[in-house]
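# Examining the three-dimensional arrangement
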Amino acid sequence: RDGTAITVTPQNGLTHQAALDRLAEIETLAQQIVEECVTDSMTLPEQAEALYTRLTDRVAYDFRYYTDLASMPYESTTAYGALHNNLAICGGYAQAFQTLLEKAGIPCITVSGKAGGENHMWNMARIDGRWLYYDPTGDRGRADYGFLYCGVKGEALDRHTWDADWSNRLSEALFSL
């Protein structure tokens, strides 16, 4: 009212400019990963799996979520935590995978629901005209053993519960042909 600037400290501790810089860094990191993992000769399923493999192989789960939540940095809940720090919880994995797929030109949304009764996030991506599910958190470290949740139909997510109808409507509204 008197022209004095108000300083607001957001939950993540970043200033507006620092948040914008971080978003730009996420975009740069994602572009670098896509350039490393994806070739023009790959099919869409191959592209998605290559990016999924990269993410699930390199990003560790931040178990402070269970053991010492107060010490877990906010960035572990974001794509920045996954792509910059290689450390994330489900939200970070899902946001990072969505960003990677978007950079590759593959439509994707992040889905929120529950897995095993616990709040959880994963992805839906449009591959060859079909919406398929990806849960990079659930598949972390499984590249050598076989993925359980890489490009699967909803029925394969037997531990997951979500409003599938709403997710389908959202994805179609955002990416209508």
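Residues numbered from 1 in each chain as written. Predicted model: local features only at pLDDT ≥ 70, side-chain atom pairs only at ≥ 80, totals over all residues. Heavy atoms only, no water.

### Let's talk about the pattern of salt bridges
Just so we agree on the cut-off: The term salt bridge refers to a pairing of a side-chain nitrogen on Lys or Arg with a carboxyl oxygen on Asp or Glu at a separation within 4 Å.
For the structure shown, the criterion picks out six salt bridges. A salt bridge links D139 to R142; its shortest N-O distance comes to 3.8 Å.

### Notes on unusual backbone geometry
So the rule is basically this: Here a strand is any run of E in DSSP of at least two residues, a helix any run of H or I of at least four, and the numbering for each starts at the N terminus. Burial classes: relative accessible area under 20% of the type maximum marks a residue as buried, over 50% as exposed, and values in between as partly exposed (1.4 Å probe, protein chains only).
Phi at N86 takes a positive value of approximately 55°, unusual for a residue other than glycine. Take N86: it is sitting in the loop between α4 (79-84) and β2 (87-88). For D128, which is not a glycine, the phi torsion comes out positive at approximately 50°. Examined against the element boundaries, D128 turns out to sit in the loop between β4 (118-127) and β5 (130-134). Given the relative accessible area of 56%, D128 is considered exposed.

### Structural notes on the packing of aromatic side chains
What counts here: Only centres within 6.5 Å qualify two rings of Phe, Tyr or Trp (six-membered ring in Trp) as a pair; their planes then separate them into stacked at under 30 degrees, edge-to-face at over 60, and tilted for everything else. Should the NZ of a Lys or the CZ of an Arg lie within 6 Å of a ring centre and within 35 degrees of the ring normal, that charge is described as sitting over the ring.
Scanning the model with the defined rule gives ten aromatic pairs in all. Through a chain of ring-to-ring contacts, three or more aromatic side chains come together here, namely Y52, F97, Y134 and F147. Looking at R22, its charged tip hangs above the ring of Y80, at a distance of 3.9 Å from the centre.

### So, the side chain of S76
Our working definition: Contact criterion: two residues are considered in contact whenever any of their non-hydrogen atoms come within 4.5 Å of each other.
With respect to the secondary-structure elements, S76 resides in the loop between α3 (64-67) and α4. Owing to a relative accessible area of 2%, S76 belongs among the buried residues under this scheme. Filtering out sequence-adjacent residues up to four positions away, S76 remains in contact with D62, R64, L87, A88, I89 and G92.

### Description of helix α5 (residues 90-103)
Stated precisely, the cut-off is as follows: By this rule, a helix spans an expected 1.5 Å times one less than how many residues it contains.
The terminal C-alpha atoms of α5 lie 20 Å apart, and with 14 residues this matches the ideal 20 Å at 1.5 Å per residue to within 8%. Counting buried residues along α5, eleven of its 14 residues qualify, which places the element largely inside the surrounding structure. Taken residue by residue, α5 has C90, G91, G92, Y93, A94, A96, F97, Q98, T99, L100 and L101 as its buried positions. G105 sits one or two residues past α5 and shows a positive phi near 80°.

### A short note on the sheet that holds strand β3 (residues 108-115)
Rules: Here a strand pair is declared whenever DSSP counts at least two bridges between the two strands. Axes here mean lines fitted to C-alpha atoms, for a helix over just the part in contact, with angles spanning 0 to 180 degrees between N-to-C directions.
If you walk across this open sheet you meet the five strands as β6-β5-β4-β3-β7, and the pairing is antiparallel. Both outer strands of the open sheet, β6 (150-152) and β7 (160-161), are each paired with one neighbouring strand and no more. Sheet topology note: the β4/β5 ladder contains five bridges and is antiparallel. Among the inter-strand pairings, I127 is bridged to a residue of β5, identified as R130. Against the sheet, helix α2 (residues 44-58) touches β4, β5 and β6, its axis set at about 150° to β4. Packed on one face of the sheet, helix α6 (residues 164-174) meets β3, β4 and β5 and runs near 170° to β3.

### Some words on the nonpolar core
Quick reminder of the rule: Residues grouped as a nonpolar core are buried Ala, Val, Leu, Ile, Met, Phe, Trp, Tyr and Cys residues, joined through side-chain atoms within 4.5 Å.
In terms of nonpolar packing, the biggest core is built from 44 residues, with L51, L55, L83, L100, L101 and Y134 touching the most fellow members. Within the residue set of this core, elements represented by two or more residues are α1 (16-37), α2, α4, α5, β3, β4, β5 and β6. For this core, the leading source of residues is α1, giving six residues.

### As for the pairing of β5
Taken across its five residues, β5 has four buried, putting it largely inside the fold. Hairpin remark: β4 followed by β5, antiparallel, with two residues in the connecting loop; positive phi at D128, about 50°.

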